[in-house]
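Observations on the model geometry
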Number of protein chains: 2
Amino acid sequence: MPGLDEFSLIERLFAPLAARHPGALGLTDDAALIDGPAGQQWAITTDALVAGVHFLPDDPPDLIARKLLRVNLSDLAAMGATPFAVLLATCFPLGVDERWLECFASGLKTDCEIFSVAVIGGDTVATPGPLTLAVTAIGAVAQGSALLRSNARSGDDIWVSGAIGDAAFGLLVAQGRTSGLTPAAVEALLERYRLPSPRTALGPALIGLARAAMDISDGLIGDLDHICKTSGVGAVVEAGRLPLSAAVEAAMAAGFGGVERALTGGDDYELLFTVPPDKAAAIGELGRRLGLRLTKIGQIIDGEGVRVVNANGDPLTLTGSGYRHFGG
Amino acid sequence: MPGLDEFSLIERLFAPLAARHPGALGLTDDAALIDGPAGQQWAITTDALVAGVHFLPDDPPDLIARKLLRVNLSDLAAMGATPFAVLLATCFPLGVDERWLECFASGLKTDCEIFSVAVIGGDTVATPGPLTLAVTAIGAVAQGSALLRSNARSGDDIWVSGAIGDAAFGLLVAQGRTSGLTPAAVEALLERYRLPSPRTALGPALIGLARAAMDISDGLIGDLDHICKTSGVGAVVEAGRLPLSAAVEAAMAAGFGGVERALTGGDDYELLFTVPPDKAAAIGELGRRLGLRLTKIGQIIDGEGVRVVNANGDPLTLTGSGYRHFGG
């Protein structure tokens, strides 16, 4: 099965095909950029979700639809773009029934309304395999102002939105582990795993404040490493600063895992961004205005790679550096 | 499994989600339209292909990649748009190997060069199911001049490019039926099934000449019926005028099927377009300039539905009205 090696191979094989278009950003960013009308660019991204890999086959169909949409809107938010349209390629398995489809469409409708997005195209086919869904999402950003992964500079502070690790602990709950958790904590973790909140208001508001940005889909440390690699810098993260929800703290107390799970778990869909220190007050103000927790967790440094330290600056050793589908 | 009923249901469920954006064209056209810079629009389309449904699992990987690209470029050609970029969501199965991936990428590279297209984004995931590929393709067309399905008018002539039915007979050959065919005919049919020729030069050249256009992916009669429905007209096709290749004529002579198979078989990816009669000479000239056979096969009439007639105007009865994946 495709593991890390195959994914690297695919990236290596496909990257040369991007050279013809500068807006492809070398296939290293959250979305590509094409020209829009009068001073605008369109950010455009595609993501595929497979039943049993990216969601559980028995997840409620409306939530599957909404997660599908939201993971793509999260990519656009990470570019600073405001979404307006999606195209949907759906491969439905043998035995899909009318009620399932109606529930799926109703979830899609809910989120199209919440995020002011239209379905402008699509393709529907049958598959003998698992339900497979691909979305292409398009958003608008002012020409030349998209937030790129490659823009981090030594000395920038590293910030994250919301709380980290809820989805990783939520996955354990979705798989049936609940002992030691209150019903409220179970519900909170499940909800965050099944229904991420793409930071569509934060992303565009970071233009002019943040230098580099991306969304956390594969795990904070692994994703931060992408920013480091494309920007040619290193990073230090202070584990104790990581913003944790009450539910994640409860799960940790109940023995579900430690801070490592929060640092390396995927699917949070929070924004990870770097900010020059003189903009810290403005970021604080922005968080208050949006009613969204924004937390400084570390610093961009010269060098390469991501180091995680405790409050004394002593290194913590992590056994995994991120989440890859299947591969590990 | 999804059949005609489920596909209709999905269309009915998704169509309201398109209402927010006029460029969605009600999800009834080959591609959606969004604004581009200075007098341009971008046509954008997405298609999914599943191993065992849209191609045979043992088809050569470079040809799978090229077909994937070409079916999407065909949709853009049907809008009169010139392609420039694609995004690629790939779901690779357990056991995909390095050689397979290299061959797939090499096919993609070949066609990116032939059609001057860049891969500007993508997503690669693993699937426990069959190889599943989704492409989103983007092309440019002058503002307001895209060729729509909804534009056919009573009195228009109906034209098709190339030859019709090669892919439908080619599928039989790919499934192992060759008796009575010369090696050259076998090769020609296989090639046309495996590697369609999107009419990327013809499509943009039809702007100002054709009124409605679409590409033939599900079968000529079924696809023409889409034009009729969205335009609110009917159509008469004269079966004897259908342009057939020598290889298809040989397959018919060898008992593989009759003109019905050519009229209703899918995967030809020729263009089907309607033209006011006073533009017939210009269409003839265009065909000569492009070195591409263009054939008048019938007429748009008042009313609804597609009638197929013989040279005397007597109706032929067809048992199937088009090709649907799996369904029928």
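Worth saying up front: this structure is predicted, and the values here are computed from it rather than measured.

**Examining the pairing of strand β7 (residues 212–215) of chain A**
Residues and elements named next belong to chain A. By the alternation rule, side chains of β7 split into Ala212 and Met214 and Ala213 and Asp215, which are all buried. As judged from the four bridges shared by β7 and strand β9 (residues 271–275), these two strands associate in the antiparallel manner. By the bridge assignment, Met214 is partnered in β9 with Leu272.

**Section: the pairing of strand β10 (residues 294–301) of chain A**
Residues and elements named next belong to chain A. Here strand β6 (residues 157–161) runs beside β10; their pairing, made up of five bridges, is antiparallel. The residue of β10 that forms the bridge with Trp159 is Lys296. As paired strands, strand β8 (residues 234–238) and β10 are joined by four bridges and run antiparallel to one another. Residue pairing in the sheet places Ala235 in a bridge with Ile300 of β10.

**Some points on the interface of chain B and chain A**
The interface of chain B with chain A comprises 69 residues on the first partner and 69 residues on the second. Overall, the association of chain B and chain A removes approximately 5,600 Å² of surface from exposure, summing both partners, and the carbon and sulfur fraction of that is 78%. Contact with chain A buries area across many residues of chain B, yet Leu17, Arg20 and Ile120 of chain B alone supply 12% of it, more than any other trio. Connecting chain B to chain A are zero salt bridges. Linking chain B to chain A there are seven residue pairs in polar contact (both at pLDDT 80 or more). When contributions to the side of chain B that touches chain A are tallied by element, the ones reaching two or more residues are α1 (4–14), β1 (32–35), β2 (40–50), β3 (82–93), α3 (98–114), β4 (118–127) and β5 (132–142) of chain B. Sorting elements by how many residues they give to the side of chain B that touches chain A places β4 of chain B first, with ten residues. Each residue belonging to the side of chain B that touches chain A can be placed in one class, and the counts come to 44 nonpolar, 16 polar and nine charged.

**Topic: the side chain of Thr132 of chain A**
Secondary-structure assignment places Thr132 of chain A in strand β5 (residues 132–142). For Thr132 of chain A, the side chain forms a polar contact with the main-chain oxygen of Pro130 of chain A, separated by 2.9 Å. Excluding residues that lie within four positions of it along the chain, Thr132 of chain A makes contacts with Leu49, Val50, Ala89, Thr90 and Cys91 of chain A together with Cys91 and Thr132 of chain B.

**Description of helix α2 (residues 61–78) of chain A**
All names here are of chain A. Look at α2: 26 Å from first C-alpha to last across 18 residues, which is about the 26 Å you get at 1.5 Å a residue. Most of α2 is tucked away: 17 of the 18 residues are buried. Within two residues after α2, Gly80 carries a phi angle of roughly 80°, on the positive side.

**Topic: the packing of helix α5 (residues 183–194) of chain A against helix α8 (residues 246–253) of chain A**
Residue and element names in this part refer to chain A. Look at α5 against α8: their axes get within 9 Å of each other, and the N-to-C directions meet at 115°. The angle between α5 and α8 falls in the class roughly perpendicular. Considering only the axes of α5 and α8, their crossing is left-handed. Here Ala185, Ala188 and Leu189 of α5 lie close against α8, whose contacting residues are Ala247, Val248 and Ala251. Of the residues in the contact of α5 with α8, the class split is six nonpolar, no polar and no charged.

**Quick word on the sheet that holds strand β2 (residues 40–50) of chain A**
Residues and elements named next belong to chain A. On the basis of which strands lie adjacent, the open sheet formed by five strands has the order β1-β2-β5-β3-β4 and mixed pairing. Only two strands of the sheet have a single neighbouring strand rather than two, namely β1 (32–35) and β4 (118–127). On average, each strand axis in the sheet is inclined to that of its neighbour by 20°, with strand direction left out of account. As paired strands, strand β3 (residues 82–93) and β5 are joined by nine bridges and run antiparallel to one another.

**Things to note about the packing of aromatic side chains**
The tally for this structure, following the rule as stated, stands at ten aromatic pairs over all chains. Between Phe92 of chain B and Trp100 of chain B, the aromatic rings sit 6.0 Å apart at their centres with planes inclined by 80°, giving edge-to-face as the arrangement. Taken individually, Phe92 of chain B and Trp100 of chain B each receive the classification buried, so the pair is uniform in this respect. Note on Trp100 of chain B and Phe104 of chain B: the rings are 5.4 Å apart at their centroids and 15° apart in plane angle, and the pair reads as stacked. Here the residue Trp100 of chain B and the residue Phe104 of chain B both occupy positions in helix α3, the gap between them amounting to four residues, near one helical turn. Among the residues examined, Phe104 of chain B registers a relative accessible area of 0% and is labelled buried. Among the aromatic side chains, those forming a connected cluster through ring pairs are Phe14 of chain A together with Phe92, Trp100 and Phe104 of chain B.

Parameters at a glance
Residues numbered from 1 in each chain as written. Chains lettered and ligands numbered in written order. Predicted model: local features only at pLDDT ≥ 70, side-chain atom pairs only at ≥ 80, totals over all residues. Heavy atoms only, no water. Buried < 20%, exposed > 50% of the residue type's maximum accessible area, 1.4 Å probe, protein only. Helix = DSSP H or I, 4+ residues; strand = E, 2+ residues; numbered from the N terminus. Pairing = 2+ DSSP bridges. Contact = heavy atoms within 4.5 Å. Buried area = accessible area lost by both parts, 1.4 Å probe. Salt bridge = Lys/Arg side-chain N within 4 Å of Asp/Glu carboxyl O. Polar contact = N/O pair within 3.5 Å; in protein donor to acceptor, adjacent residues only side chain to side chain. Nonpolar A, V, L, I, M, F, W, Y, C, P; charged D, E, K, R; others polar. Expected span 1.5 Å × (residues − 1). Axes fitted to C-alpha atoms, helices over the stretch in contact; angles between N-to-C directions. Parallel < 35°, antiparallel > 145°, perpendicular 65-115°, else oblique. Left-handed = near helix turned anticlockwise from the far one by under 90°. Phe/Tyr/Trp six-rings, centres within 6.5 Å; stacked < 30°, edge-to-face > 60°.

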